[in-house]
Amino acid sequence: MKKPDGKVVLLGDMNVGKTSLLHRYMERRFQDTVSTVGGAFYLKQWGPYNISIWDTAGREQFHGLGSMYCRGAAAVILTYDVNSLQSLMELEDRFLALTDSASADCIFAIVGNKVDLTDDCALPPDENRPEKSVASCGAKVRKQVRAEDAIALYKKILKYKMLDEKDVPAAEKMCFETSAKTGYKVDYLFETVFEMVVPIIVRQKAEGPPQTVDITDYKPAKRTKSGCCA
Ligand SMILES: Nc1nc2c(ncn2[C@@H]2O[C@H](COP(=O)(O)OP(=O)(O)OP(=O)(O)O)[C@@H](O)[C@H]2O)c(=O)[nH]1
Ligand SMILES: [Mg+2]
């Protein structure tokens, strides 16, 4: 198996569509999913680099694994469901702390999925989405999470990471709305993230593998008498 040069991790509550987004991007289709157990990854060749994309389980019982998957990550894709405000709040309450183990210059994308279920008639036309008639919007629900809510979360993340807004990509650039079902903006999401992780991969490679300690080499230090207790 090819060795990955960099790592991208999808995090978010159960049922928001992390696995479906990955299937859509990697396998070009929307298929039935089962709730993820533990985690799984795909390898994506991007230019000369191999990027591993990790799909994690949103279920509470697997929460402890999250920070392990994030270790050294060059990018984290925080995913919510645009029809569930709770799923956005969970990103801050439950998932953000898991990213403490990511690379110091890790980039963050916030993704609102399942936009196909919403009344998106107010959105401007887009090459990925043919214009809908007003009638076809009738059966859809109004979006529960506004783009501004995601942008506010991105700004909170910067504060949490003690990053300055002018040193990182703009919030508007890093907040996405997608549909794994129709494919809307899915390629755009992953490819924007891949472009951004390349400089991080280059830096990580230049610095070499993370420092490890060989415990077979370990020799306990000779006990010295402490001055005060001698
Ligand atoms: N309408 C619609 N349904 C979606 C979309 N993405 C996912 N779903 C459905 O939402 C459900 C959950 O999708 P998954 O991809 O398994 O969600 P997940 O985030 O991987 O969930 P866990 O593995 O439990 O963390 C499935 O029934 C999907 O078919 C979407 O863009 N639109
Ligand atoms: Mg899943």
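For the structure itself, look to the data block above.
Before going into details, it helps to say that this report is about the structure given with it. Small disclaimer: the values here were computed from a predicted structure and weren't measured. (Residues numbered from 1 in each chain as written. Chains lettered and ligands numbered in written order. Predicted model: local features only at pLDDT ≥ 70, side-chain atom pairs only at ≥ 80, totals over all residues. Heavy atoms only, no water.)

### Comments concerning the site of ligand 1
- Within the structure, ligand 1 sits among 21 residues, and Lys18, Ser20, Thr33, Ser35 and Asp116 are positioned closest to it.
- Thr19 is positioned with one of its side-chain polar atoms (N or O) 2.9 Å from an oxygen atom of ligand 1.
- Contact distances for ligand 1 include 2.7 Å between a nitrogen atom and a side-chain N or O atom of Asp116.
- Protein burial of ligand 1: of its 650 Å² of free accessible surface, 87% is covered by the chains.
- With three residues, helix 1 (residues 18-27) is the single largest residue contributor to the shell around ligand 1.
- Of the residues contributing to the shell around ligand 1, the split by class is six nonpolar, ten polar and five charged. (Near = heavy atom within 4 Å. Polar contact = N/O pair within 3.5 Å; in protein donor to acceptor, adjacent residues only side chain to side chain. Areas by Shrake-Rupley, 256 points an atom, 1.4 Å probe, with all protein chains shown as cover. Helix = DSSP H or I, 4+ residues; strand = E, 2+ residues; numbered from the N terminus. Nonpolar A, V, L, I, M, F, W, Y, C, P; charged D, E, K, R; others polar.)

### Some details on the pattern of salt bridges
- In total, this model carries 16 salt bridges according to the counting rule given.
- A salt bridge links Lys161 to Asp100; its shortest N-O distance comes to 3.9 Å. With Lys161 in the loop between helix 4 (147-160) and helix 5 (171-174) and Asp100 in the loop between helix 3 (85-95) and strand 5 (107-113), this residue pair connects regions lying 61 residues apart in the sequence.
- Of the residues examined, Lys161 reaches a relative accessible area of 22% and is grouped as partly exposed.
- Residue Glu177 pairs with Lys143 through a salt bridge whose shortest N-O separation is 3.0 Å. (Salt bridge = Lys/Arg side-chain N within 4 Å of Asp/Glu carboxyl O. Buried < 20%, exposed > 50% of the residue type's maximum accessible area, 1.4 Å probe, protein only.)

### Examining the coordination of the magnesium ion (ligand 2)
- Coordination of the magnesium ion (ligand 2) by the protein comes from Thr19 (OG1) and Thr36 (OG1), over a distance range of 2.0 Å. With Thr19 in helix 1 and Thr36 in the loop between helix 1 and strand 2 (39-46), the pair connects residues that are 17 residues apart, well separated along the chain. Take Thr19 and Thr36: they sit in the same class, and that class is buried. (Donors = N, O, S within 2.8 Å, 3.2 Å for Na, K, Ca; no water.)

### A look at the state of the cysteines
- Per the stated rule, a full pass over the model turns up zero disulfides.
- Cys175 takes part in no disulfide bond, and the closest cysteine sulfur, belonging to Cys106, lies 14 Å away.
- Judged by its relative accessible area of 17%, Cys175 is buried. (Disulfide = S-S within 2.5 Å.)

### Let's talk about helix 4
- Its 14 residues place the ends of helix 4 20 Å apart at the C-alpha level, agreeing with the 20 Å of an ideal helix rising 1.5 Å per residue.
- Listed as buried for helix 4 are Asp149, Ala150, Ile151, Leu153, Tyr154, Ile157 and Leu158.
- Contacts from the buried residues of helix 4 go to strand 4 (75-81), helix 3, strand 5, helix 5 and strand 6 (175-177).
- Residue Met162 follows helix 4 closely and has a positive phi angle near 55°. (Expected span 1.5 Å × (residues − 1). Contact = heavy atoms within 4.5 Å.)

### Focus on the nonpolar core
- Counting residues in hydrophobic clusters, the biggest one holds 57 residues, and the most contacted among them are Val8, Phe190, Val193 and Val197.
- For this core, the element with the most residues is helix 6 (residues 186-207), which contributes nine residues.
- Sequence-distant contacts of Val8, that is, excluding residues within four places in its chain, are made with Ile51, Ser52, Ile53, Trp54, Ala75, Ile77, Val193, Phe194 and Val197. (Core = buried A, V, L, I, M, F, W, Y, C linked by side-chain atoms within 4.5 Å.)

### Considering the side chain of Asp5
- Its location among the elements puts Asp5 in the segment before strand 1 (6-12).
- With near-sequence residues (within four places) excluded, Asp5 lies in contact with Pro48, Tyr49, Asn50, Ile201, Gln204 and Lys205.

### Observations regarding the packing of helix 1 against helix 6
- At their nearest, the axes of helix 1 and helix 6 sit 9 Å apart, and the two run at 85° to each other. Of the possible angle classes, the one that applies to helix 1 and helix 6 is roughly perpendicular. Listed contacts from helix 6 to Leu21, Leu22, Arg24 and Tyr25 of helix 1 are Val186, Asp187, Phe190, Glu191 and Phe194.
- Here the contact of helix 1 with helix 6 is built from residues that sort into six nonpolar, no polar and three charged. (Axes fitted to C-alpha atoms, helices over the stretch in contact; angles between N-to-C directions. Parallel < 35°, antiparallel > 145°, perpendicular 65-115°, else oblique.)

Spatial relationships are all this shows, so hold off on functional conclusions.
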